[in-house]
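Residue-level structure breakdown
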Amino acid sequence: ATATTTTTTNSDPACLAPSPRAFTANTTRVVWAVALDDSAVWGQRLIGASNDGSVRGWQLPGDAAENNGGANTITDVTAASFSLHSHNDSVVSCLVVQELGVMFTGSRDATVVVWDLTQSSLPTLTHVIRGHSELVRGLAYDADNQRLVLASDDGTATVWLTPSTRPSLALTLDHLSPVWDAEVNGNTIYTASGNDVYVWSLTGTREHVLTGHTNAVTCLAIDKLGARLFSGSVDGTVIVWDMAAATPPALLHQLPATGTSPALYSIAYRNQHVYVGSANHTVRVWDVAPPPPAPSLVQTLAGVHTGTVTALLVGANGNSTALYAADTTGTIREWHWAYCN
């Protein structure tokens, strides 16, 4: 199916704040990953992982002071509330699992550090996961089966049992190329490697290989309720896969590349919208609500980022939806929408 690229209005998200706030790690650093800690004890915190080996956290005050009816009152934040330095190389992935009260950070040093978020306002290192030989680029977690999936440049994805903060290795999924990202939903694991998406069972059986991209698949996002998978690629396109209606999963739509240098390195999904971050310094917002018509490009966020958009996260912040977009200039931009509908 063909997606339309005509920019349209949409009620959710809407009312984009005119000037995004920036959380600055350092202009000489790259922020590779972002996460949110929604702790009831310490308050909501934005977390960024950087190529200097650090993991930084910023306290979020909520949206009331920032939106002010859409007025341009947002101020930049440079002082982090904490800065962690336990990896020996760049930190390239970060995942908060609120159910466990922990944060996982993956690094170019081939390890994943497990941090306790419940005992102190400063995250506490509790365990180091070892077993990969190259950088751990992707992290995914499924609460139902208590499985943590690590995607690595060593050509494997490993699956870990997490009944506690000391995960144990359950199985290894072998690929022919570096594994860029992973997602897990119930009894199914999805991995991005080479130009393809691989579908695995929890027992390690490779069930399907999804083809359609013409260059490396770098990022995955999942709509667990709608049983759809979204894959972003260096070819600049996003493929929407139907994970429920067909065996093998069917290609529903392919969202086209736009602009020069359209390679995609980050993707996020929330509330029938897909957000994709590109090497051309933009974030595109697609309305992918079923049924047809085809997905439509709602908005392109341009003119703010000055580097490749490396990570995206969408989460509720007070009464609004916040989009956090990290880039290669060492900043995380915060964009706000109010729920106008």
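Details of the structure are given in the entry above.
Here the structure is a predicted model, which means the values were calculated and not measured.

Our next topic: the pairing of strand 14 (residues 179-185). With respect to burial, strand 14 is a largely interior element, five of its seven residues being buried. Sheet topology places strand 14 next to strand 15 (residues 188-193); six bridges connect them, and they run antiparallel. The residue of strand 15 that forms the bridge with Val-179 is Ser-193. Two successive antiparallel strands, strand 14 and strand 15, enclose a turn made up of two residues, where Gly-186 displays a positive phi of approximately 60°.

For the structure shown, the criterion picks out six salt bridges. Asp-52 is the salt-bridge partner of Arg-56, the closest N and O atoms lying 3.4 Å from each other. Owing to a relative accessible area of 32%, Asp-52 belongs among the partly exposed residues under this scheme. Between Asp-153 and Arg-137 there is a salt bridge, and its shortest N-O distance comes to 2.8 Å. With Asp-153 in the loop between strand 11 (147-152) and strand 12 (156-161) and Arg-137 in strand 10 (residues 136-142), this pair connects stretches of sequence that are 16 residues apart. Among the residues examined, Arg-137 registers a relative accessible area of 25% and is labelled partly exposed. One connected set of salt bridges, linked through shared partners, spans Arg-29, Asp-52 and Arg-56.

Counted under the stated rule, the structure contains four aromatic pairs. When the ring of Trp-180 is compared with that of Tyr-265, the centres are 6.3 Å apart and the planes differ by 40°; the resulting orientation is tilted. Here Trp-180 is found in strand 14, whereas its partner Tyr-265 is found in strand 22 (residues 264-270), with 85 residues between them in sequence. Classification of Tyr-265 as partly exposed rests on a relative accessible area of 31%. A cation sits over an aromatic face here: Arg-137 above Trp-180, 4.0 Å from the ring centre.

Further remarks concern the sheet that holds strand 10. Here we have four strands laid out as an open sheet, ordered 10-11-12-13, and antiparallel in their pairing. With partners counted over all chains shown, the strands left at the sheet margins are strand 10 and strand 13 (168-174), one partner each. Here the average twist between neighbouring strands, direction ignored, is 20°. Strand direction decides the pairing type here: strand 12 and strand 13, joined by six bridges, are antiparallel. Looking across to strand 13, one finds that Leu-161 is bridged to Ser-168.

To continue, consider the side chain of Thr-158. Within the secondary structure, Thr-158 is located in strand 12. According to the relative accessible area criterion, Thr-158 is buried, its value standing at 5%. Polar side-chain contacts of Thr-158 include one of 2.7 Å to the side chain of His-132. If we skip the residues at most four places from it in the chain, Thr-158 touches His-132, Leu-148, Val-149, Leu-150, Leu-169, Leu-171 and Thr-172.

Before going further, it helps to spend a moment on the layout of surface pockets. Estimated volume of the largest pocket: approximately 1500 Å³. Together, 46 residues line the largest pocket, and Leu-95, Leu-139, Glu-183, Leu-312 and Leu-313 are the ones closest to its centre. Those elements that provide at least two residues to the lining of the largest pocket are strand 2 (31-39), strand 6 (91-97), strand 10, strand 14, strand 18 (217-223), strand 22 and strand 26 (309-317). Looking at which element gives the most residues to the lining of the largest pocket, the answer is strand 26, with seven residues. Partitioning the lining of the largest pocket into residue classes produces 29 nonpolar, eight polar and nine charged.

On to the sheet that holds strand 15, then. Backbone-to-backbone hydrogen bonds pair the strands of a sheet. The strands run either parallel or antiparallel. One open sheet accounts for four strands, arranged 14-15-16-17; its pairing is antiparallel. Whereas interior strands pair on both sides, the edge strands pair on one side only; in this sheet they are strand 14 and strand 17 (206-210). On average, each strand axis in the sheet is inclined to that of its neighbour by 20°, with strand direction left out of account. Sheet analysis places strand 16 (residues 196-201) next to strand 17, joined by four bridges and oriented antiparallel. Bridged to Val-199 within strand 17 is His-208.

Let's shift gears to the environment of Leu-210. With respect to the element layout, Leu-210 can be found in strand 17. Overall, Leu-210 belongs to the buried group, its relative accessible area being 4%. When the C-alpha atoms of Leu-210 and Pro-249 are compared, they prove to be 7.6 Å apart, with 39 residues separating the residues in sequence. Filtering out sequence-adjacent residues up to four positions away, Leu-210 remains in contact with Asp-196, Val-197, Val-199, Trp-241 and Pro-249.

The rules behind each value
Residues numbered from 1 in each chain as written. Predicted model: local features only at pLDDT ≥ 70, side-chain atom pairs only at ≥ 80, totals over all residues. Heavy atoms only, no water. Buried < 20%, exposed > 50% of the residue type's maximum accessible area, 1.4 Å probe, protein only. Helix = DSSP H or I, 4+ residues; strand = E, 2+ residues; numbered from the N terminus. Pairing = 2+ DSSP bridges. Salt bridge = Lys/Arg side-chain N within 4 Å of Asp/Glu carboxyl O. Phe/Tyr/Trp six-rings, centres within 6.5 Å; stacked < 30°, edge-to-face > 60°. Lys NZ or Arg CZ within 6 Å of the ring centre and 35° of its normal. Axes fitted to C-alpha atoms, helices over the stretch in contact; angles between N-to-C directions. Polar contact = N/O pair within 3.5 Å; in protein donor to acceptor, adjacent residues only side chain to side chain. Contact = heavy atoms within 4.5 Å. 1 Å grid on protein atoms, 1.4 Å probe; cavity = no way out; pocket = protein on both sides within 12 Å on 5 of 7 lines; lining within 4 Å. Points joined across faces, edges and corners; volume = space filled by probe spheres on them. Nonpolar A, V, L, I, M, F, W, Y, C, P; charged D, E, K, R; others polar.

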